[in-house]
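Single-letter residue listing:
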Amino acid sequence: MIKRTVLVLSLVLGLSACGAESVWAPEEDVRRAVYRDPGPATLTLITVVNNRSGSGAHSALLINGSQRVVWDPAGTWWNPAAPERNDLHYGMTDQMVDIYIDYHTRETYRTVVQEIKVSRAVADQAIREASAYGAVPKAYCAVSTADILNGLPGFGSIPTSYFPNSMMDAFAKLPGVKTRVFRDDDSDDNSGLLPAG
C-alpha cells in the first residue's frame, strides 16, 4: 500500500510539467487567428519525454481539419497569435507549430511527434471534442487527450492513462503513423521562448 501511494505521488509530481490556468480568449481574437492549412486532415500526438528518465512529461494533440488547432491540456505554452480557450489554441500556423515544439524541446526533454492522416470529418470531430472538453487540471494532460481520441472512430485502442508514454506507444501501433523526434540543447529554462507580458 505504501509503495502504491509513493508511486501515485511520484506520478503526480513527475507530471507537474502539465499545469496552467483556464483561459477564455475573446471571440474576435479567435476568429482573427483561424488558420486553415492546405494539407490533408491529420491528428498529431505530441509527447514530451524526459531525456534522463525516459518518462513522459506532457501530451498534446495537434489537429488539422477545417482549421489547425492544438489541444494543450494543462500546458504552460502560450502566444498571443494563438489565442486559447480552455486549453485549445487557435491559429496554429507552421510558425506557431515550430514555436510550440521548440518551447517543449530542450536539453532535458525531447519531443516526439506522431502524425496520422484522417478524414476531414474525424479531424473536425476532434476539434469539437477538444473545444467542449473544458479546462484540464494539472497531471491530466494524457487522460484528457486519450478521452478525446477515444471518442473518435478508429482510436478506441488508445488507453486512458496518466502516463503519456502509454498513449504514445499505442498511437505508434496505428496504421500509417509517421513519427519524428525533436531534440535540442537549449537550456532547461524555456521561459525566454514565451512572449513578454
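Description of the structure in this document. Predicted model, so just to flag it, every value in this text is computed and none were measured.

Look at Asn86: it is not a glycine, yet its phi comes out positive at around 45°. Secondary-structure assignment places Asn86 in the loop between strand E4 (84–85) and strand E5 (88–89). Given the relative accessible area of 15%, Asn86 is considered buried. Its identity is not glycine, yet Ala139 carries a phi of approximately 75°, on the positive side. Tracing the sequence through the fold places Ala139 in the loop between helix H4 (120–133) and helix H5 (141–150).

Looking now at the environment of Ala126. With respect to the helices and strands, Ala126 occurs in helix H4. Taking the C-alpha atoms as reference points, Ala126 and Leu149, 23 residues apart in sequence, are found 7.3 Å from one another.

Bringing the pattern of salt bridges into the picture now. In this structure the tally under the stated criterion is seven salt bridges. Residue Asp29 pairs with Arg32 through a salt bridge whose shortest N-O separation is 3.2 Å. With Asp29 and Arg32 both in helix H2 (residues 27–33), this residue pair falls three residues apart, about one helical turn. You can call Asp29 partly exposed: its relative accessible area is 26%. Taking relative accessible area as the criterion, Arg32 reaches 62% and is therefore assigned exposed. One salt bridge in this structure joins Arg106 and Asp188, with 2.9 Å as the shortest N-O distance. With Arg106 in the loop between helix H3 (94–104) and strand E6 (109–117) and Asp188 in the segment after strand E7 (178–182), the pair connects residues that are 82 residues apart, well separated along the chain. When its relative accessible area of 35% is taken as the criterion, Asp188 is described as partly exposed. Here the salt bridges share partners, and the residues they tie into one network are Glu27, Arg31 and Arg85.

A complete count under the given rule lists four aromatic pairs for this structure. Centroid distance Tyr140 to Tyr162: 5.2 Å. Interplanar angle 70°. Geometry classified as edge-to-face. Of this pair, Tyr140 sits in the loop between H4 and H5 while Tyr162 sits in the loop between H5 and helix H6 (164–172), and the two are 22 residues apart along the sequence. What makes Tyr140 partly exposed here is its relative accessible area of 34%. Given the relative accessible area of 34%, Tyr162 is considered partly exposed.

Taken together, the seven strands give an open sheet; going across it, the order is E4-E5-E3-E2-E1-E6-E7, and neighbouring strands pair in antiparallel fashion. The open sheet terminates on both sides in strands that have one partner only, identified here as E4 and E7. Pairing analysis gives nine bridges linking strand E1 (residues 42–50) to E6, with the strands arranged antiparallel. Looking at the pairing, Leu43 lines up with Ile116 of E6. Its contacts with the sheet place H4 against E1, strand E2 (56–64), strand E3 (68–71) and E5, and it is angled at close to 125° to E2. The strands that H5 touches are E1, E2 and E3; relative to E2, the one it contacts most, it runs at about 30°.

In this section: a nonpolar patch on the surface. A grouping of Tyr140, Tyr162 and Phe163 is seen on the molecular surface, where their side chains present a nonpolar patch of about 270 Å² in accessible area. Along the chain, the position of Phe163 falls in the loop between H5 and H6. For Phe163, a relative accessible area of 40% corresponds to the partly exposed category.

By the element assignment, Ala142 lies in helix H5. According to the relative accessible area criterion, Ala142 is buried, its value standing at 1%. What Ala142 contacts, discounting residues up to four positions off in sequence, is Ser59, Ser161, Tyr162, Phe163, Pro164 and Met167.

Thresholds applied
Residues numbered from 1 in each chain as written. Predicted model: local features only at pLDDT ≥ 70, side-chain atom pairs only at ≥ 80, totals over all residues. Heavy atoms only, no water. Helix = DSSP H or I, 4+ residues; strand = E, 2+ residues; numbered from the N terminus. Buried < 20%, exposed > 50% of the residue type's maximum accessible area, 1.4 Å probe, protein only. Salt bridge = Lys/Arg side-chain N within 4 Å of Asp/Glu carboxyl O. Phe/Tyr/Trp six-rings, centres within 6.5 Å; stacked < 30°, edge-to-face > 60°. Pairing = 2+ DSSP bridges. Contact = heavy atoms within 4.5 Å. Axes fitted to C-alpha atoms, helices over the stretch in contact; angles between N-to-C directions. Patch = residues over 30% accessible without salt bridge, like charges linked within 9 Å, V, L, I, M, F, W, Y side chains within 5 Å. Areas by Shrake-Rupley, 256 points an atom, 1.4 Å probe, with all protein chains shown as cover.

Distances and angles like these do not, on their own, reveal function.
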